[in-house]
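Structural features, examined
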Amino acid sequence: MSASQDPTPRTVELLRTSTGRYTARNAEGAQVAFGQGEDLLSPVELLLAALAGCSAVAVDTATARSAEPSEFRVEASGRQIVDEQGGNRLEDLHLSFHLAFPDDAAGRKAAGMVGRLVALSHDKYCTVSRTVEHGAAVSHDVSVACGADDTR
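Residues numbered from 1 in each chain as written. Predicted model: local features only at pLDDT ≥ 70, side-chain atom pairs only at ≥ 80, totals over all residues. Heavy atoms only, no water.

Moving on: the layout of surface pockets. Any empty space left between atoms is shown by rolling a water-sized probe over those atoms. Its boundaries defined by the atoms lining it, the largest pocket holds a volume of some 970 Å³. Along its surface, the largest pocket is lined by 24 residues, and Arg 10, Thr 11, Val 12, Ala 50 and Val 128 are the ones closest to its centre. Looking at the lining of the largest pocket, the elements that each hand over two or more residues are β1 (12-18), β2 (21-26), β3 (31-35), α1 (43-63) and α3 (127-134). Across the lining of the largest pocket, the residue classes break down as 14 nonpolar, six polar and four charged. (1 Å grid on protein atoms, 1.4 Å probe; cavity = no way out; pocket = protein on both sides within 12 Å on 5 of 7 lines; lining within 4 Å. Points joined across faces, edges and corners; volume = space filled by probe spheres on them. Helix = DSSP H or I, 4+ residues; strand = E, 2+ residues; numbered from the N terminus. Nonpolar A, V, L, I, M, F, W, Y, C, P; charged D, E, K, R; others polar.)

Take a look at the structure:
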């Protein structure tokens, strides 16, 4: 294992709050509600948000050292399809960055970095998009209990 690899697994716990509504929570207690409903992001939309967010963090962190953006918006899109095996998935994933900086030396410096930072994020730093592009096996296990003593 190289020195740059982090052997600590990333973990999120999902809790059902009601039918079609869930809360994902990380070890530090940060949480996000999602599911089915007009006021919720769907799981697919969360995936798109994760793609946009992962790249946005890299771009924002670097450019903000030079100038505060007056606009910072990333649109993530994809088409949901049924593939040859009958499974649902997304294709044609696309990120569209819309940024603006002040028209001064610091703003022009930050603006000049954006294209390179987006490319580096895609090619090297964004764990989410790189995992989607390269694929990763998803395993699972199941534990089911029935009875009044079950507290889960």
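On we go from here.
In this model, α1 (21 residues) spans 30 Å end to end at C-alpha, consistent with the 30 Å of a helix rising 1.5 Å per residue. Here α1 has its buried residues at Leu 48, Leu 51, Ala 52, Ser 55, Ala 56, Val 59, Ala 62 and Thr 63. In this structure, the buried residues of α1 make contact with β4 (71-82), β5 (88-100), α2 (105-125) and α3. (Expected span 1.5 Å × (residues − 1). Buried < 20%, exposed > 50% of the residue type's maximum accessible area, 1.4 Å probe, protein only. Contact = heavy atoms within 4.5 Å.)

Direction vectors running N to C along α1 and α2 enclose 145°, while the axes themselves pass 9 Å from each other. Of the two possible hands of crossing, α1 and α2 adopt the one that is right-handed. Judged by residue contacts, Cys 54, Ser 55, Ala 58, Val 59, Ala 62 and Thr 63 of α1 engage Ala 110, Met 113, Val 114, Leu 117, Val 118 and Ser 121 from α2. Split by residue class, the contact of α1 with α2 holds nine nonpolar, three polar and no charged. (Axes fitted to C-alpha atoms, helices over the stretch in contact; angles between N-to-C directions. Left-handed = near helix turned anticlockwise from the far one by under 90°.)

Relative to the helices and strands, Ala 119 resides in helix α2. The exposure class assigned to Ala 119 is partly exposed, which follows from its relative accessible area of 34%. In this structure the C-alpha to C-alpha distance between Ala 119 and Val 59, which are 60 residues apart in sequence, comes to 9.8 Å.

Within the open sheet, the three strands sit side by side as β1-β2-β3. Their pairing is antiparallel. Strands at the two margins of the open sheet, each flanked by one partner only, are β1 and β3. The average angle at which neighbouring strand axes cross in this sheet is 25°, direction not considered. Two elements, β2 and β3, share five bridges in a ladder whose sense is antiparallel. Each residue of the ladder has a partner; that of Arg 21, found in β3, is Gly 35. (Pairing = 2+ DSSP bridges.)

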